[in-house]
There are 2 protein chains.
Amino acid sequence: MAKKSTISISVIKRLPRYHRYLGDMLKSGTRRISSRELAHIMSLTASQIRQDLNCFGGFGQQGYGYNVEYLYNEISNILGIPNRLPAVLIGAGNLGKAIARQMDFGNTGFQLIGVFDQSPDIVGKEVSGLTVKEMSELDKICKEKQPKVAILCIPKEATPAVADKCIELGIMGFWNFTQYDLAQGYDNIAVENVHLSDSLMTLCYQVNDLMKDGEE
Amino acid sequence: MAKKSTISISVIKRLPRYHRYLGDMLKSGTRRISSRELAHIMSLTASQIRQDLNCFGGFGQQGYGYNVEYLYNEISNILGIPNRLPAVLIGAGNLGKAIARQMDFGNTGFQLIGVFDQSPDIVGKEVSGLTVKEMSELDKICKEKQPKVAILCIPKEATPAVADKCIELGIMGFWNFTQYDLAQGYDNIAVENVHLSDSLMTLCYQVNDLMKDGEE
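A.B. asks: Any chance you could break down the pattern of salt bridges for me, citing the residues and the numbers?
C.D. replies: Oppositely charged side chains are able to pair whenever their charged atoms sit close together. Under the criterion given, the structure shown has 16 salt bridges over all chains. Between A:Asp181 and B:Arg17 there is a salt bridge; the shortest N-O distance is 2.6 Å. In this pair, A:Asp181 is assigned in the loop between strand E9 (173-176) and strand E10 (190-193) and B:Arg17 in helix H1 (residues 9-27), connecting two distinct chains. Classification of B:Arg17 as buried rests on a relative accessible area of 18%. A salt bridge links B:Arg20 to A:Asp181; the nearest nitrogen and oxygen atoms lie 3.3 Å apart. With B:Arg20 in helix H1 and A:Asp181 in the loop between E9 and E10, this residue pair bridges two chains. According to the relative accessible area criterion, B:Arg20 is buried, its value standing at 7%. Since its relative accessible area comes to 8%, A:Asp181 is described here as buried. Connected through shared salt-bridge partners, A:Arg17, A:Arg20, B:Asp181 and B:Asp198 make up one network.

Rendered as structure tokens:
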């Protein structure tokens, strides 16, 4: 099993990508793959792959390659996917609803157990088989079902207070779609900020830069 | 102005965050800020901020700090936001629709000029003031309005062919929400992959890791 804290976040961040590629291979019936072939498909070097996987104790046999199914399952285990941690969605507007409907939570390590919103127009509606509840019911659900993660699709201004509340109720991680940088100021809380605007602006720079190129 | 190619992608990727914080300061009436104060708010070091902004020629005055509005506008210009490049959305399912409705394209450098889908159930519907068109009309719109960016919210399997088609029609950048890694195999095309599943799995690892900690 993974040893706590010895693995750098950059290695961790590459694991889902291995998981994705290995999942595709499994589906297409590939049973065994060399680090060289895997490297080629993933645009990495074979030595990077060996290094990454060695962080978790290897899994390959010299000259024989990786067993795709075994490696896929091991990476699932390292990521903690089989634990299917309970998660709640807070904010069921356009983006929240789309996230709830689009994501395959089971295959990414979670089980969506509650959806909350403060708008009377949204409360009571159904999203992904769950009835949207009022924010005031968050306490009760957290006590009963102990969700570990909150998916935040709420306005920026509301974020710090909602995050504080969640932490008080035992939430240990945020999948944060708000424009607020949640990582700041919290210890021992995991945060994945998905700043869509930042990503789009980065693309804006890059495309404008390519266009300048064309003009030269 | 930005000098082509001399600026590292890691600096570029930080610019939207500066833009976001400076935008908030502008709104709240802050007119001037020292690199030390800005560093504190953004959880960076003052020297990192000076280094980043020096890539573009400075903007600050020793002992006087930055003019917030000037810096905000300069960063907007560097990112190319005022150019409002025309963009199309391909795939108007749950996520595509939510992205179209949620994003403030004008303030992130784009203008959404067309929405396309191949499903008869979706074609003809309205999304963000635009009527969803059939994929077969993409050619015509690209010739007429020359969009530079395509936002892809389509199934993984469809992605390579759609991307090839877009490039043929003059698209220079992709905001890619599919599970396909678009960056591979294209030269002189800008790509921002938003792999939501990868992000969620990274969070899964981190939360499970924190929980192990609690058990020790």
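And the narrative resumes.
A.B. asks: Describe in detail the pairing of E9(A), supporting the description with residues and values.
C.D. replies: Residues and elements named next belong to chain A. Of the two faces of E9, the one lined by Gly173 and Trp175 and the one lined by Phe174 and Asn176 are each fully buried. Pairing geometry for strand E8 (residues 149-152) and E9, over 4 bridges, is parallel. Pairing of Val149 across the sheet is with Gly173, part of E9. Handedness of the crossover joining E8 and E9 through helix H7 (residues 159-168): right-handed.

Conventions adopted
Residues numbered from 1 in each chain as written. Chains lettered and ligands numbered in written order. Predicted model: local features only at pLDDT ≥ 70, side-chain atom pairs only at ≥ 80, totals over all residues. Heavy atoms only, no water. Salt bridge = Lys/Arg side-chain N within 4 Å of Asp/Glu carboxyl O. Helix = DSSP H or I, 4+ residues; strand = E, 2+ residues; numbered from the N terminus. Buried < 20%, exposed > 50% of the residue type's maximum accessible area, 1.4 Å probe, protein only. Pairing = 2+ DSSP bridges. Right-handed = clockwise from strand over helix to strand, strands pointing away.

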